[in-house]
Amino acid sequence: MNRTLILCAHGSESPRGRSAFSGLVNAVRREAQDLDIVDAFVDVQVPRIAEVVEETAGPRAVVPLMLAYDRPVSVDILQASHLDPAVSVTAPLGPDWILAEVGVRRLFEAGARSGDTIVLAADTATDDRAVADVGKAARLLSAVWGGRVHVGTLGGPDTPLADAVDVARAYGQRVVVSTYLLTPGAVHDSITEAGADVVTEPFLDAGPPDARLVSLVLARARSRGSWTAVGGDPGPRLAHQ
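Owing to the predicted nature of the structure, the values given are computational and were not obtained by experimental measurement. (Residues numbered from 1 in each chain as written. Predicted model: local features only at pLDDT ≥ 70, side-chain atom pairs only at ≥ 80, totals over all residues. Heavy atoms only, no water.)

## Some details on helix H3 (residues 71-81)
In an α-helix, one full turn covers 3.6 residues, which means residues spaced three or four apart are oriented alike. We count it as follows: The buried label applies to any residue whose accessible area, calculated with a 1.4 Å probe on protein chains only, is under 20% of its type's maximum; exposed applies above 50%, and partly exposed to all values in between. Helix and strand assignments follow DSSP, with helices taken as H or I runs no shorter than four residues and strands as E runs no shorter than two, numbered in order from the N terminus. What the arc measures is the spread of directions leading from the helix axis to the C-beta atoms. Here, two residues are considered to be in contact whenever any of their heavy atoms come within 4.5 Å of each other.
Of all the residues in H3, the buried ones are Pro 72, Val 73, Ile 77, Leu 78, Ala 80 and Ser 81. Projected down its long axis, H3 shows its buried positions confined to an angular sector of 155°, all on one face. Among the exposed residues of H3, those oriented more than 90 degrees off its buried face are Arg 71 and Gln 79. Buried residues along H3 sit against strand E1 (3-9), helix H2 (49-55), strand E3 (60-64) and strand E4 (87-89).

Okay, structure coming up:
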């Protein structure tokens, strides 16, 4: 029996967002022919993660395709994993150096220049760990970009994105927003309305996914302990962090 890798994401009402996510899932499937790849969602789309856990069998690892340790990771996904002791949960996709590298690629593609003021824009982050992860993502992006990166979010205790853009204007340079999102959709539309001069595309778009993102998903899936059931080795799994 092949092991099953469940790729779990936020659902999207955007056809572009759904297509981009499907592109990543299919790319992972092509690269990991030793695994059965199944997609799942925590909201908007089906099948929901709990349904997928109940309808599959054998060793399963869930990779949260989220960019921070947010409530869907800490509650929805972990609760679903507890339905079967053969299910484990890996760390979410982000923050990670690879995402910072792809983020810088997106900056270059958008025409960002060394003198621009960069603002990392993320979706609403209310959980303490999610807020910390967004801050870490900005520090990683800053290190790869080679310059200061401000932070703005669409909700939560961090600086509201529109305010972060206004503060960034005080530097007297163009304001470029680095989008910290996996797929296009309504959230990205809100980010583009925050008043920046330039806004980058999400990590996934209409084209083939960056090979580094595929590698990152597989690295999460094959990390130490990814196939150990919840309640076993506590090392890398979210249930014990």
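## Focus: the pairing of E1
For clarity, the threshold we go by: Should DSSP find at least two bridges between two strands, the strands are taken to pair. A crossover gets the label right-handed when its path from the first strand over the helix to the second runs clockwise, viewed with the strands pointing away from the viewer.
Counting buried positions along E1 yields six of seven residues, so the element is predominantly enclosed. Two elements, E1 and strand E2 (residues 35-41), share seven bridges in a ladder whose sense is parallel. Following the sheet pairing, Thr 4 is matched in E2 by Asp 36. A crossover links E1 with its parallel partner E2, the connecting element being helix H1 (residues 15-31), and its sense is right-handed.

## Here we look at the pattern of salt bridges
Put simply, the test is: Salt bridges are defined by distance alone: a side-chain nitrogen of Lys or Arg within 4 Å of a carboxyl oxygen of Asp or Glu.
All chains considered together, the criterion is met by 12 salt bridges. Between Glu 109 and Arg 106 there is a salt bridge, and its shortest N-O distance comes to 2.8 Å. One end of the pair is Glu 109 and the other is Arg 106, both in helix H4 (residues 97-109) and three residues apart, which spans about a single turn. Note on Glu 109: relative accessible area 46%, which makes it partly exposed. For Arg 106, a relative accessible area of 6% gives the class buried. Through salt bridges with shared partners, one network takes in Glu 101, Arg 105, Arg 106, Glu 109, Asp 205, Asp 210 and Arg 212.

## A short note on the nonpolar core
Quick reminder of the rule: Residues grouped as a nonpolar core are buried Ala, Val, Leu, Ile, Met, Phe, Trp, Tyr and Cys residues, joined through side-chain atoms within 4.5 Å.
Formed by 49 residues in total, the largest nonpolar core has its most connected members in Leu 5, Leu 7, Val 28, Leu 65 and Leu 120. Ranked by the residues each element gives to this core, the list is headed by helix H5 (residues 128-145), at seven residues. Ignoring anything within four residues of it in the chain, the contact list for Leu 120 reads Val 134, Ala 137, Ala 138, Leu 141, Val 149, His 150, Val 151, Gly 152, Ser 178 and Tyr 180. If you look at the next biggest cluster of nonpolar residues, it comprises 16 residues, including Ala 40, Val 52, Val 62 and Val 73.

## What to know about the packing of H4 against helix H8 (residues 211-221)
What counts, and what does not: In this analysis an axis means a line fitted to C-alpha atoms, helices contributing only their contacting stretch, and an angle means the value between N-to-C directions, from 0 to 180 degrees. Any angle that falls under 35 degrees is termed roughly parallel, while one over 145 is termed roughly antiparallel, one within 65 to 115 roughly perpendicular, and all others oblique. In this scheme, a crossing is called left-handed if the near helix is turned counterclockwise away from the far one by less than a right angle; it is called right-handed if the turn is clockwise. Residues are grouped as follows: Ala, Val, Leu, Ile, Met, Phe, Trp, Tyr, Cys and Pro are nonpolar; Asp, Glu, Lys and Arg are charged; all remaining types, including Gly, are polar.
Packing of H4 against H8 brings their axes to within 10 Å, and their N-to-C directions diverge by 165°. One way to sum up the angle between H4 and H8 is to call them roughly antiparallel. Between H4 and H8 lies a crossing whose hand is left-handed. Note on element contacts: H8 touches H4 through Arg 212, Leu 213 and Leu 216, opposite Ile 98, Leu 99, Glu 101, Val 102 and Arg 105. Its residues placed into classes, the contact of H4 with H8 shows five nonpolar, no polar and three charged.

## Points about the sheet that holds strand E6 (residues 149-153)
Taken together, the four strands give an open sheet; going across it, the order is E6-E5-E7-E8, and neighbouring strands pair in parallel fashion. A strand with exactly one partner marks an edge of an open sheet, and here the two such strands are E6 and strand E8 (198-199). Bridging between strand E5 (residues 117-122) and E6 involves five bridges; their strand directions are parallel. Counterpart to Val 119 in the pairing with E6 is His 150. Across the sheet, helix H6 (residues 161-168) lies against E5, E6 and strand E7 (175-180), angled at about 175° from E5, the strand it touches most.

## Let's talk about the packing of aromatic side chains
Here is the rule we go by: Within 6.5 Å between ring centres, the rings of Phe, Tyr and Trp (the latter by its six-membered ring) count as paired, and their orientation is classed by plane angle as stacked under 30 degrees, edge-to-face over 60, tilted in between. Only when the NZ of Lys or the CZ of Arg is both within 6 Å of the ring centre and within 35 degrees of the ring normal is a charge said to sit over the ring.
Applying the stated criterion to the full structure yields three aromatic pairs. On the numbers, 5.5 Å between centres and 45° between planes, the contact of Phe 108 with Trp 145 is tilted. Pair noted here: Phe 108 is in helix H4 and Trp 145 is in helix H5, with a separation of 37 residues, a long-range link. According to the relative accessible area criterion, Phe 108 is exposed, its value standing at 55%. Assessed through its relative accessible area of 14%, Trp 145 is described here as buried. One residue, Arg 129, lies across the ring of Tyr 69, its end atom 4.1 Å from the ring centre.

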